[in-house]
Amino acid sequence: MRRKIVVGNWKMNNSVAESETLALDVLAALGEGFSGCEVGIAPTYLALEATGRILEGSEVQLVAQNCHYENDGAYTGEVSARMINAVGCTSVIIGHSERRQYFGETNATVNLRIKKALSEGLQVILCVGETLAEREAGVTESVISSQVREGLDGISSISPIVIAYEPVWAIGTGKTATSAQAEEVHLLIRTLITELYGKEAAEALRIQYGGSVKPSNAAELFAMPNIDGGLIGGASLNAEDFVAIVKAASR
Ligand code: 13P
């Protein structure tokens, strides 16, 4: 049985003080000794250290929203895998569609970032997903396939990696993929991983769904055989909603 994983991606929201408050609210809503599923929150880089102090000793993991593929150097505005590791992150999101769309991230740079994060011992959440135009053009399968193959190029083990399927047209739009639409792509991803890493590794891989997950649709999505949790944007900014989603994954 795969352990479900739910991560709140706070994106560019919340000051340091607001992040601390939200983290405290999440812990309070989860309650003592929660162990239903793996849970993480990903504040901005700026708030990682302060949020990490709040999460210390809890079951909730500190996750970064990205990291660079060099340890240090002349990369203005970037933060390295080593730095996020040193501040207490155990996982990092790589290749989010907003990074691909607005910041020129490609499968090649995603691949470099993943390799560096893995070398620092971090768990990686690799995001993949097609745009609306790609879905309408009927190329979802080939887009996902190249994001997975090129993103994982040269990576020998899939075990420290989680894949998040986030259809771009469902992110922040209120338009969720139906559970059947999501399941279809999740199954495609697992089949690709079987081809690349073998059946056992593919069976163990967790594949999260992301894109307008809310307390009202979480249970139905998480009930699908190949959906192993969620990467939550908007709804993770509200502690009660986020925890309701976590609890839906824990049933
Ligand atoms: P929303 O939940 O706001 O649609 O965002 C999903 C997402 O991009 C999580 O990484």
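Residues numbered from 1 in each chain as written. Predicted model: local features only at pLDDT ≥ 70, side-chain atom pairs only at ≥ 80, totals over all residues. Heavy atoms only, no water.

### A short note on the overall build of the chain
And then number 1: A count of helices and strands for the chain gives 11 helices and eight strands.
And then number 2: Relative to its length of 251 residues, the chain is compact, with a C-alpha radius of gyration of 17 Å against a globular reference of 18 Å.
And then number 3: Projecting the C-alpha coordinates of the chain onto the three principal axes gives extents of approximately 45 × 45 × 35 Å.
And then number 4: For the chain, buried positions account for 53% of its 251 residues.
And then number 5: About 11,000 Å² of surface is accessible on the chain, with carbon and sulfur atoms providing 52% of the total.
And then number 6: Computed over 20 positive and 30 negative side-chain charges, the inter-centroid distance for the chain is 3 Å. (Helix = DSSP H or I, 4+ residues; strand = E, 2+ residues; numbered from the N terminus. Rg over C-alpha atoms; globule rule 2.2 N^0.38 Å. Buried < 20%, exposed > 50% of the residue type's maximum accessible area, 1.4 Å probe, protein only. Areas by Shrake-Rupley, 256 points an atom, 1.4 Å probe, with all protein chains shown as cover. Lys, Arg positive; Asp, Glu negative; His and termini not counted. Charge placed at Lys NZ, Arg CZ, Asp CG, Glu CD.)

### Observations regarding the sheet that holds strand S4 (residues 91–94)
And then number 1: With respect to topology, eight strands assemble into a closed barrel ordered S1-S2-S3-S4-S5-S6-S7-S8, the strand pairing being parallel. With strand direction ignored, the average angle separating the axes of adjacent strands in the sheet is 25°.
And then number 2: Bridge analysis of strand S5 (residues 123–128) against strand S6 (residues 161–165) gives five bridges, and the strand direction is parallel. Along S6, the bridge assignment pairs cysteine 127 with alanine 164. (Pairing = 2+ DSSP bridges. Axes fitted to C-alpha atoms, helices over the stretch in contact; angles between N-to-C directions.)

### Section: the layout of surface pockets
Sizing a probe to match a water molecule and rolling it over the atoms shows the empty space that remains.
And then number 1: Looking at the largest pocket, its volume works out to about 480 Å³.
And then number 2: Lys11, Met12, Gln65, Arg99 and Phe103 are, among the 17 residues lining the largest pocket, the residues nearest its centre.
And then number 3: Among the elements that take part in the lining of the largest pocket, helix H4 (residues 97–102) stands out by supplying three residues, more than any other.
And then number 4: Of the residues that constitute the lining of the largest pocket, the class distribution is seven nonpolar, six polar and four charged. (1 Å grid on protein atoms, 1.4 Å probe; cavity = no way out; pocket = protein on both sides within 12 Å on 5 of 7 lines; lining within 4 Å. Points joined across faces, edges and corners; volume = space filled by probe spheres on them. Nonpolar A, V, L, I, M, F, W, Y, C, P; charged D, E, K, R; others polar.)

### Regarding helix H7 (residues 140–151)
An α-helix turns once per 3.6 residues; consequently, residues spaced three or four apart project the same way.
And then number 1: Here H7 is 12 residues long and its end C-alpha atoms lie 16 Å apart, about the 16 Å a rise of 1.5 Å per residue gives.
And then number 2: Looking at the buried positions of H7, the neighbouring elements they touch are H4, helix H5 (107–119), S5, helix H6 (132–136), S6 and helix H8 (179–197). (Expected span 1.5 Å × (residues − 1). Contact = heavy atoms within 4.5 Å.)

### Digging into helix H10 (residues 215–222)
And then number 1: Every buried residue of H10 is accounted for by Asn217, Ala218, Leu221 and Phe222. Buried residues of H10, viewed axially, fall in a sector of 130°; they line one side. Exposed and facing more than 90 degrees away from the buried side of H10 are Ser216 and Glu220.
And then number 2: Its buried side turned inward, H10 meets strand S1 (5–9), H8, strand S7 (207–210), strand S8 (229–232) and helix H11 (239–250). (Arc of directions from axis to C-beta.)

### Quick look at the pairing of strand S3 (residues 60–64)
When a strand is regular, its side chains alternate between the sheet's two faces.
And then number 1: Across the five residues that make up S3, a large majority, four, are buried.
And then number 2: As paired elements, strand S2 (residues 38–42) and S3 share three bridges and run parallel to each other. The residue bridging glycine 40 from the neighbouring strand is glutamine 61, located in S3.
And then number 3: In the classification by handedness, the crossover that spans S2, the intervening helix H2 (residues 48–55) and the parallel S3 is right-handed. (Right-handed = clockwise from strand over helix to strand, strands pointing away.)

### A look at the environment of glutamate 38
And then number 1: On the secondary structure map, glutamate 38 appears in strand S2.
And then number 2: Placed 22 residues apart in sequence, glutamate 38 and valine 60 show a C-alpha to C-alpha distance of 7.5 Å.
And then number 3: In contact with glutamate 38, not counting residues within four places along its chain, are Arg3, Lys4, Ile5, Val6, Gln61, Gln123 and Arg206.
And then number 4: A polar atom in the side chain of glutamate 38 sits 2.9 Å from the side chain of arginine 206. (Polar contact = N/O pair within 3.5 Å; in protein donor to acceptor, adjacent residues only side chain to side chain.)

### A few points about the site of the ligand
And then number 1: Close contacts around the ligand come from Asn9, Lys11, His96, Glu166, Ala170, Ile171, Gly172, Gly211, Ser212, Leu231, Gly233 and Gly234, and that covers them all.
And then number 2: Separating an oxygen atom of the ligand from a side-chain N or O atom of asparagine 9 is a distance of 3.0 Å.
And then number 3: Contact distances for the ligand include 2.8 Å between an oxygen atom and a side-chain N or O atom of lysine 11.
And then number 4: Contact with the protein chains hides 95% of the accessible area of the ligand, taken as 310 Å² for the molecule alone.
And then number 5: Classifying every residue of the shell around the ligand by side-chain character gives three nonpolar, seven polar and two charged. (Near = heavy atom within 4 Å.)

### Brief notes about the pairing of S5
And then number 1: Burial within S5 is extensive, with six of its six residues counted as buried.
And then number 2: As defined by bridge partners, S4 adjoins S5 across four bridges and the pair is classed as parallel. Across the sheet, serine 91 pairs through a bridge with glutamine 123, a residue of S5.

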